[in-house]
Amino acid sequence: MTAVAEPLPTFDCRADFADELAILARADDRIVAVCNDSVGSSNLVRFREEFPDRLVNVGIAEQDLVGVAAGLANAGFVPFVSAAAPFLTGRALEQIKADIAYSDRHVVLCGQSPGMAYGELGPTHHSIEDLSWMRAVSGLQVVVPADPLETRSAVRWAAACGRPSYLRIPRFKVPAVTPSGAPFQTGRATRLREGGDVTLIAIGTMVSRALESAELLRADGISARVVNMTFVEPLDVAEVVAAGETGTVVTVEEGLVSGGLGAAVAKVVAEHRPVPVRMLGVPAFAPTGSTQFLLDHFGLNAAGIAQAVREALGRA
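Residues numbered from 1 in each chain as written. Predicted model: local features only at pLDDT ≥ 70, side-chain atom pairs only at ≥ 80, totals over all residues. Heavy atoms only, no water.

A. Spotlight on the nonpolar core. Core analysis: the largest hydrophobic core is formed by 41 residues, its most contacted members being Leu109, Ile201 and Met229. Looking at this core, the elements with two or more residues in it are strand S2 (31–35), helix H3 (62–74), strand S4 (78–84), helix H4 (85–91), helix H5 (93–102), helix H6 (130–136), helix H9 (237–243) and helix H10 (261–272). Of all the elements, H3 adds the most residues to this core, at 6 residues. Once residues within four sequence positions are removed from consideration, leucine 109 is found in contact with Val66, Val81, Leu88, Ile96, Leu140, Ser165, Tyr166 and Leu167. Ranked by size, the runner-up nonpolar core spans 33 residues in total, among them Met116, Phe172, Val177 and Met206. (Core = buried A, V, L, I, M, F, W, Y, C linked by side-chain atoms within 4.5 Å. Buried < 20%, exposed > 50% of the residue type's maximum accessible area, 1.4 Å probe, protein only. Helix = DSSP H or I, 4+ residues; strand = E, 2+ residues; numbered from the N terminus. Contact = heavy atoms within 4.5 Å.)

Structure below.
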């Protein structure tokens, strides 16, 4: 009888985000948090208790949220703006463009519960457009951590980088995938697995699923390289070009395929090393249902990714 592998432990990255932010705040009086009636959902309750005068709650007013953060940055603070990703990026896009990016303010925008994490709350709460919108804003760095360790690294990096950035903080739990001691550098990806037949380029919650799919493909004799891209902007161009060595590239993201990771990778591939590219993600408005249902519905699971690879290689 074949032994069934025990499922890996999973973690809520919001807890690591809040814990690392508090560590930074203890060491640096400039660190402040700004939220929109989202203290609980951002895991900032303890931060508020420890730093009551360094958490600004503007209420449900996302445009004001970003404007206040820009003012704080102008006064020498380092504001971490924490809000549900669909409303932070949708309602305050003009302020993000003009007050943060164009003005080059050191503000860290933290999109909580992105992708389809809100599940049953439906299309109004699905944040599938945020990567497309944020990539389109010139001068804004876009970071998608894959697990707790990378979330902590991203928070520390964002506090020190001196430029505006957008961090995508996942809501549903994910396993640890980042090797201990892995460097976290601007615009650098991490190659998690070597392979010669296809390259899977994934971000965020999809990285662990891409790794699982590589195991399924191995049983079929398909050798899959797996890359955690981390930075959607700036993209690791060298790693994308290197992916062309395998002959086929498959991108995986929990968001719209138009304008997000897939589009960014496809542009580099077309310009530098043309090979077939298959983009996995959400094609349009997602229906209402649990997060797991929605991910399965769009094939954003290990089996779905593996099947897409087989199809791309003509081995379905």
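Next comes the rest of the write-up.
B. Representation of the sheet that holds S2. Taken together, the 7 strands give an open sheet; going across it, the order is S3-S2-S4-S5-S7-S6-S12, and neighbouring strands pair in mixed fashion. What marks the edges here is a single partner per strand, and that holds for strand S3 (55–57) and strand S12 (231–233). Each strand axis lies, on average, 20° off the axis of its neighbour in the sheet, ignoring direction. The pairing of strand S6 (residues 141–143) with strand S7 (residues 165–169) spans 3 bridges and is classified as parallel. When the sheet's bridge partners are listed, glutamine 141 is paired in S7 with serine 165. Of the strands in this sheet, S2, S3, S4 and strand S5 (108–112) touch H3, which is tilted by about 170° from S4. (Pairing = 2+ DSSP bridges. Axes fitted to C-alpha atoms, helices over the stretch in contact; angles between N-to-C directions.)

C. Representation of the state of the cysteines. Tallying each qualifying case throughout the model produces 0 disulfides. Note on cysteine 13: no disulfide assigned, nearest cysteine sulfur contributed by cysteine 110 at a separation of 13 Å. The thiol of cysteine 35 is not disulfide-bonded; the next cysteine sulfur, from cysteine 110, is found 11 Å away. Its relative accessible area of 0% is what places cysteine 35 among the buried residues. (Disulfide = S-S within 2.5 Å.)

D. Representation of the packing of aromatic side chains within the structure. In total, this model carries 4 aromatic pairs according to the counting rule given. Seen from their ring centres, phenylalanine 47 and phenylalanine 51 are 4.9 Å apart, and the 45° between their planes marks the pair as tilted. Exposure remark for phenylalanine 47: the relative accessible area of 2% places this residue in the buried category. Plain terms: the ring middles of phenylalanine 184 and phenylalanine 231 are 5.5 Å apart, the flat faces sit at 50° to each other, and that makes the pair tilted. In this pair, phenylalanine 184 sits in the loop between strand S8 (174–175) and strand S9 (190–193) while phenylalanine 231 sits in strand S12, placing the two residues 47 residues apart along the sequence. (Phe/Tyr/Trp six-rings, centres within 6.5 Å; stacked < 30°, edge-to-face > 60°.)

E. Fine view of the sheet that holds strand S13 (residues 249–256). If you walk across this open sheet you meet the 5 strands as S9-S11-S10-S13-S14, and the pairing is mixed. Edge positions in the open sheet fall to S9 and strand S14 (277–282), since each of these has one partner strand only. Taken pair by pair, the neighbouring strands of this sheet meet at an average axis angle of 25°, ignoring direction. Bridge count between strand S10 (residues 198–202) and strand S11 (residues 224–228): 5 bridges; the pairing is parallel. Note on S11: the bridge partner recorded for alanine 202 is asparagine 228.

F. Local environment of the pairing of S13. Of all the 8 residues making up S13, 8 are buried; the element is thus mostly covered by neighbouring parts of the structure. Here 4 bridges tie S10 to S13, and the two strands are oriented parallel to one another. From the neighbouring strand, leucine 200 faces S13, where its bridge partner is valine 250. Here S13 runs beside S14; their pairing, made up of 5 bridges, is parallel. Within S14, the position partnered with valine 252 by the bridge is leucine 280.

Purely geometric stuff here, so don't read any function into it on its own.
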